[in-house]
Amino acid sequence: MLRGLYEWTMEKAAHPHAQGWLALFSFVESSFFPIPPHPLLGLMCLAEPKKALRFAAIATIASVLGGLFGYLIGAVLYDSIGLWLLDALGYADIFPQAACTVNENGGWAVFATASTPIPYKLMTITAGFVSMNLATFIIASIAGRGLIFMTVGILFQVFGAPIKKFIDKYLVPLTTLFVVLVIGGFLAITQLA
């Protein structure tokens, strides 16, 4: 079953509309959608390693544009949409801390969330709410999102074919390891918080 799902996903990742879906997921994840585009980006790069840098650039550009939409929500639509959205995503309790972090650290806070698993959408809305300098926000977003997505693109561009062969051969153990790491990461974050 896992092999069939893998083959189906690889086929969809190489689909002609996959780039549009990647752009859409990257955009909405930066402002309001809870599912990150990283798995789709990785699978698209795996399916077509020669286009990995192009896919990474699409994800970066769309994500920064989505970040600007999140900034707009925080700056203009906080009372009508932003507050509800933060509550729906489960970030309402940590929003005051995020606002303090942006006020104290500015672009570094945005860069850190844009380049790590910390929710970037929380920071985009927060940056708009606290009226962070827009140029600083854009530069930090490009740097952070570019770092995380272009790293994936470069790795697949350079090591794409061997990585694909390795994953094809060891799909089940790698999937198991990935699930264990994700669950372990979530447990570690919740315990540390």
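Preceding this section is the structure that the text describes.
Residues numbered from 1 in each chain as written. Predicted model: local features only at pLDDT ≥ 70, side-chain atom pairs only at ≥ 80, totals over all residues. Heavy atoms only, no water.

1. Description of the environment of Leu 85
Relative to the assigned elements, Leu 85 resides in helix α5 (residues 78–89). Looking at Leu 85, the relative accessible area reads 7%, which means it is buried. The sequence separation of Leu 85 and Phe 32 amounts to 53 residues, and the corresponding C-alpha distance is 7.0 Å. (Helix = DSSP H or I, 4+ residues; strand = E, 2+ residues; numbered from the N terminus. Buried < 20%, exposed > 50% of the residue type's maximum accessible area, 1.4 Å probe, protein only.)

2. Thoughts on the packing of helix α2 (residues 18–29) against helix α4 (residues 52–76)
The contact between α2 and α4 brings their axes to 7 Å, and the two run at 35°. Of the two elements, α2 crosses α4, and the hand of that crossing is right-handed. Within the contact between the two elements, α2 uses Gln 19, Leu 22, Ala 23, Ser 26 and Phe 27 and α4 uses Arg 54, Phe 55, Ile 58, Ala 59, Ala 62, Ser 63, Leu 65, Gly 66 and Phe 69. Considering only residue class, the contact of α2 with α4 consists of nine nonpolar, four polar and one charged. (Axes fitted to C-alpha atoms, helices over the stretch in contact; angles between N-to-C directions. Left-handed = near helix turned anticlockwise from the far one by under 90°. Contact = heavy atoms within 4.5 Å. Nonpolar A, V, L, I, M, F, W, Y, C, P; charged D, E, K, R; others polar.)

3. Concerning unusual backbone geometry
With a phi angle near 55°, Ser 131 is a residue other than glycine that sits in the positive phi range. Relative to the helices and strands, Ser 131 resides in the loop between α8 (120–129) and α9 (134–169). Its relative accessible area of 57% is what places Ser 131 among the exposed residues.

4. Details of α8
For α8, the tally of buried residues reaches nine of 10 residues, placing the bulk of the element in the interior. All of the buried residues along α8 are Tyr 120, Lys 121, Leu 122, Met 123, Thr 124, Ile 125, Thr 126, Ala 127 and Gly 128. One or two residues past the end of α8 sits Ser 131, with phi positive at roughly 55°.

5. Quick look at the environment of Thr 101
The topology assignment puts Thr 101 in helix α6 (residues 95–105). Residues Thr 101 and Met 123, 22 residues apart in the sequence, show an inter-C-alpha distance of 9.2 Å. Discounting residues that sit within four places of it in the chain, Thr 101 has contacts with Gly 106 and Ala 109.

6. Structural notes on the nonpolar core
Counting residues in each nonpolar core, the largest one holds 23 residues, and the members touching the most others are Leu 86, Val 110, Met 132 and Phe 137. Listing elements by their share of this core, those giving two or more residues are α4, α5, α6, α7 (107–114), α8 and α9. With five residues, the top contributor of residues to this core is α8. Residues within four places of Phe 137 in sequence aside, it is in contact with Gly 67, Leu 68, Tyr 71, Val 110, Tyr 120, Thr 124, Ala 127 and Met 132. (Core = buried A, V, L, I, M, F, W, Y, C linked by side-chain atoms within 4.5 Å.)

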